[in-house]
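# Summary of structural features
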Amino acid sequence: PSRRRWTAAITEMTDWCTIESDPGVFTELVEQMGVKGVQFEEVYSLDSGSMQALGEVHGLIFLFKWQQDLAQQDDRPTASGYED
């Protein structure tokens with residue numbers, strides 16, 4: 001993806017949007033937000049050896065496929081009415 005395309009997407013965002021689950025996309029996105037010196041990596045295992053191989057880890061992002069039918073059955077409150 002081109003830097004111009006992501007810049008335009010970030011500028012025009014007014015609501016949640018779907019982005020590709022790709023470490024490079026996440027890295028570029030946070031760089032566009034002004035974050036320096038971080039890089040996203042795809043992790044296939046959370047065992048201690050795999051985590052140590054990554055070096056310093058600042059956090060984990062877990063992504064799950066959205067399933068509309070499960071969401072309709074979920075009665076937990078959501079942040080849809082949240083205002084900043």
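The structure this text deals with has already been given above.
The structure presented is a predicted model; accordingly, all values stated were derived computationally and were not measured.

## As for the overall build of the protein chain
- Within the protein chain one finds four helices and zero strands.
- Element order for the protein chain, N to C, with α for helix and β for strand: α-α-α-α.
- Residue burial in the protein chain is summarised as follows: out of 84 residues, 10% are buried.
- Within the protein chain, contacts between residues at least 6 apart in sequence are counted, and of these 28% link residues at least 24 apart.
- Total accessible area on the protein chain is roughly 7,800 Å²; 52% of this is exposed by carbon and sulfur atoms.

## A short note on the packing of aromatic side chains
- Enumeration according to the criterion identifies one aromatic pair in this entry.
- Both rings, one in Phe26 and one in Phe40, keep their centres 5.5 Å apart while their planes meet at 35°; by these two values the pair is tilted. With Phe26 in helix 2 (residues 23-32) and Phe40 in the loop between helix 2 and helix 3 (48-54), the pair connects residues that are 14 residues apart, well separated along the chain.
- Among the residues examined, Phe26 registers a relative accessible area of 15% and is labelled buried.
- Classification of Phe40 by relative accessible area gives partly exposed; the value is 24%.

## Here's the deal with a nonpolar patch on the surface
- On the surface, Val43, Leu46, Leu54, Val57, Leu60, Phe62 and Phe64 cluster together into a nonpolar patch covering about 670 Å² of accessible area.
- By the secondary structure assignment, Val43 is in the loop between helix 2 and helix 3.

## Let's talk about the environment of Ser21
- When you line up the elements, Ser21 lands in the loop between helix 1 (3-12) and helix 2.
- Once the C-alpha coordinates of Ser21 and Glu42 are considered, the two residues, 21 residues apart in sequence, prove to be 9.3 Å apart.

## What about the side chain of Thr27?
- Tracing the sequence through the fold places Thr27 in helix 2.
- At 2.9 Å, the side chain of Thr27 forms a polar contact with the backbone nitrogen of Phe40.
- In contact with Thr27, other than residues within four places in its own chain, are Val38, Gln39 and Phe40.

## Observations regarding helix 2
- Where helix 2 is concerned, the buried positions are Val25, Phe26, Thr27, Glu28, Leu29 and Val30.
- By the N-cap criterion, in which a side-chain oxygen at the helix start approaches the backbone nitrogen of a residue two or three places on, helix 2 is capped by Asp22, the distance to Gly24 being 2.8 Å.

About the cut-offs
Residues numbered from 1 in each chain as written. Predicted model: local features only at pLDDT ≥ 70, side-chain atom pairs only at ≥ 80, totals over all residues. Heavy atoms only, no water. Helix = DSSP H or I, 4+ residues; strand = E, 2+ residues; numbered from the N terminus. Buried < 20%, exposed > 50% of the residue type's maximum accessible area, 1.4 Å probe, protein only. Contact = heavy atoms within 4.5 Å. Areas by Shrake-Rupley, 256 points an atom, 1.4 Å probe, with all protein chains shown as cover. Phe/Tyr/Trp six-rings, centres within 6.5 Å; stacked < 30°, edge-to-face > 60°. Patch = residues over 30% accessible without salt bridge, like charges linked within 9 Å, V, L, I, M, F, W, Y side chains within 5 Å. Salt bridge = Lys/Arg side-chain N within 4 Å of Asp/Glu carboxyl O. Polar contact = N/O pair within 3.5 Å; in protein donor to acceptor, adjacent residues only side chain to side chain.

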